[in-house]
Amino acid sequence: MLFEFNFYSSLLLIFFVHGLVYAILMFRKGIINEHVSDKWLALFLLLCILYIAPWMIGFAGWYDNQPYRDILFYTPFQHLFVIGPVVFFYVQSLLNPSFRFSKKQAWHFVPGILYLLFSVTMFVTDKLVLKRYYFLADGADPDFDAWYQYTGFFSMLVYFVLSLRYYQLYCSVIVQLVSYAEQVLFRWVRNFLLAFLLMLVVRIGFNLLAILVPTLGNYWGTWWYFLSFAIIFYYIAITGYSNAIETKVSFRVQHLLTYKPQLLLQYQPRPQTVANAIIEDAVFIEINSEAATTSFENTFPLHDWKQKITALFTTGLVYEDPELSLTDLAKRLETNPSVLSKIINQGFNQNFNDFVNRYRVKAVQEKLLAGEQQTQTLLGIAYDCGFNSKATFNRAFKKEAGTSPKDWIALNIASA
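Presented here is an overview of the structure given in this document. If you're wondering where the values come from, they're calculated on a predicted model, not measured in any experiment.

What counts, and where the lines are drawn
- Residues numbered from 1 in each chain as written.
- Predicted model: local features only at pLDDT ≥ 70, side-chain atom pairs only at ≥ 80, totals over all residues.
- Heavy atoms only, no water.
- Helix = DSSP H or I, 4+ residues; strand = E, 2+ residues; numbered from the N terminus.
- Buried < 20%, exposed > 50% of the residue type's maximum accessible area, 1.4 Å probe, protein only.
- Contact = heavy atoms within 4.5 Å.
- Areas by Shrake-Rupley, 256 points an atom, 1.4 Å probe, with all protein chains shown as cover.
- Core = buried A, V, L, I, M, F, W, Y, C linked by side-chain atoms within 4.5 Å.
- Patch = residues over 30% accessible without salt bridge, like charges linked within 9 Å, V, L, I, M, F, W, Y side chains within 5 Å.
- Salt bridge = Lys/Arg side-chain N within 4 Å of Asp/Glu carboxyl O.
- Expected span 1.5 Å × (residues − 1).
- Bend = angle between axes of the 7 residues up to and from the residue.
- Axes fitted to C-alpha atoms, helices over the stretch in contact; angles between N-to-C directions.
- Parallel < 35°, antiparallel > 145°, perpendicular 65-115°, else oblique.
- Nonpolar A, V, L, I, M, F, W, Y, C, P; charged D, E, K, R; others polar.
- Arc of directions from axis to C-beta.
- Phe/Tyr/Trp six-rings, centres within 6.5 Å; stacked < 30°, edge-to-face > 60°.

A word on the overall build of the protein
Move 1: What the protein contains, in helices and strands, is 16 helices and four strands.
Move 2: When each of the 416 residues of the protein is scored for burial, the buried share is 48%.
Move 3: Considering only intrachain contacts with a sequence separation of at least 6, the fraction spanning at least 24 residues in the protein is 73%.
Move 4: Roughly 20,700 Å² of accessible area belongs to the protein as shown, and the carbon and sulfur atoms make up 61% of that amount.

A few points about the nonpolar core
Move 1: Counting 116 residues, the largest nonpolar core has F44, F192, F233, I236 and F313 as its most contacted members.
Move 2: Setting aside residues up to four positions removed in sequence, F192 forms contacts with L41, F44, V87, Y90, V91 and I236.

Focus on the environment of L329
Move 1: One can find L329 in helix α11 (residues 326-333).
Move 2: When the C-alpha positions of L329 and V318 are compared, they lie 8.1 Å apart, and in sequence the two are eleven residues distant.
Move 3: Once residues within four sequence positions are removed from consideration, L329 is found in contact with L312, F313, V318, L324, L340, I344 and F352.

Points about a nonpolar patch on the surface
Move 1: A contiguous nonpolar patch, built from V120, F123, V124, L128, V129, L130, Y134 and F135 and spanning about 710 Å² of accessible area, is present on the exposed surface.
Move 2: Tracing the backbone through its elements, the reader meets F123 in helix α5 (residues 110-129).

Focus on unusual backbone geometry
Move 1: Cis geometry marks the peptide bond from Q66 to P67; its omega dihedral reads 5 degrees.
Move 2: Following the sequence through the fold, P67 ends up in the loop between α2 (36-59) and α3 (68-74).
Move 3: In the Ramachandran plot, E34 falls in the positive-phi region, its phi being about 60 degrees despite a non-glycine side chain.
Move 4: Residue E34 is classed as exposed on the basis of its relative accessible area of 61%.

What to know about α2
Move 1: If you check α2, its first and last C-alpha atoms are 36 Å apart, about what 24 residues at 1.5 Å a residue would give, namely 34 Å.
Move 2: Within α2, the axis deviates most sharply at A53, by approximately 40 degrees, and proline P54 lies no more than four positions further along.
Move 3: One or two positions beyond α2, positive phi appears at G61, with a value near 105 degrees.

Description of the pattern of salt bridges
Move 1: Applying the stated criterion to the full structure yields three salt bridges.
Move 2: Notably, a salt bridge pairs D354 with K399, separated by 2.8 Å at the nearest N-O pair. Of the two residues, D354 sits in helix α13 (residues 352-369) while K399 sits in helix α15 (residues 390-401), which places them 45 residues apart along the sequence.

Considering the packing of helix α4 (residues 80-95) against helix α6 (residues 146-177)
Angle between the axes and distance between the axes are the two parameters that describe a pair of packed helices.
Move 1: The N-to-C vectors of α4 and α6 enclose an angle of 10 degrees; their axes lie 7 Å apart at closest approach. Judged by the inter-axis angle, α4 sits roughly parallel to α6.
Move 2: For the contact of α4 with α6, the class distribution of residues is 16 nonpolar, seven polar and no charged.

Quick word on α5
Move 1: Over its 20 residues, α5 runs 26 Å from end to end, which matches the ideal 28 Å to within 8%, given 1.5 Å per residue.
Move 2: Every buried residue belonging to α5 is among G112, Y115, S119, M122, T125 and D126, and all of these are buried. Projected onto a plane normal to the axis of α5, the buried residues spread over an arc of 150 degrees and lie on a single side. Of the exposed residues in α5, the ones pointing more than 90 degrees away from its buried face are L114, L128 and V129.
Move 3: The elements touched by buried residues of α5 are α3, α4 and α6.

Side note on the packing of aromatic side chains
Move 1: Enumeration over the complete set of coordinates arrives at 58 aromatic pairs.
Move 2: Judged by centre distance (4.7 Å) and plane angle (90 degrees), the ring pair of W55 and F144 falls under edge-to-face. Residue W55 is located in helix α2, and its partner F144 is located in the loop between α5 and α6; the two are separated by 89 residues in the primary sequence.
Move 3: For the ring pair W223 and W224, a centre distance of 4.8 Å and an interplane angle of 85 degrees mean the geometry is edge-to-face.

Following this line, the structure appears as structure tokens:
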């Protein structure tokens, strides 16, 4: 097989091979661990290496020799209409253990399928019917037609917005549902979306620079954009493969693009087990009117419910459970998470995660004032009070007390 090794082809070849290896490893990891999200990421990496393939093998001499030239022309390497949906479904599968790709969602891939059919039509017409160049009479690779590049970029931008919105809603619901939100806020998803956004921004940046520096818009100059793209997806490959955090919250999103929807959780009384992880089921419910709020207060008097909740925390010490969830607390109070979430939000002006951590921080402070730090470590005290990591404890303590645990001890224990 023809491959001319030079600076341009060889450097991209490194990223191509490594990206392919990571794609295979991710797919294998997804099969072994039964994680659908790993398979979606493997598909994304495969699309990325295919995206840079024309520039890699183009500089390796394929555009200048037959039959390699026709292989490049008639094979759609850049699947621009597929990358966006794959990113969107990867984010969903990673954040939501109940996510299942269904036939209803297959319409997202219709543009990509149509482009594949268009490529097949070009090949059949030129090679089998007319036996001459018709669609490719201009001698240009159809993957780089302006209409395809611009619509494909717009598709990726739209799906980035949808993915970001989905992540934002996840962050909104997680702090309302569990007391260990810091552990499942998925910084990796944020970093992945930032990396994908960087891919789009770099593309815009190179297009703008090409106006000022025309050489960046030719075949040789564009190579630098594909190198930048390769570096970004290489970061995604390495970091994504090492990501081992799993979410335990199952939910369903309604009205994904509604501007700042007010969300509550609907109780599902029997948690399910998926891949050895306990799932707290929740459904987003949109509350549209103030009338609904007034009706809620008449049905559930906040004062009475606040007393019940406060008593459960002060005497029952439920905050000591490091995996305390809204559904756990709702069962104790014989209500449902949807009602309880709204009571905590309106009655205490806090989300569930911050509400529980406030009691944990106060418990730590009381133990410190009682001198328990003389017999055990500060982190041990934090664990006894319900925290499950040092980072979560430090962030929660500083948010509640306005200072770090170390500074608080120096200020209050020393003076005492």
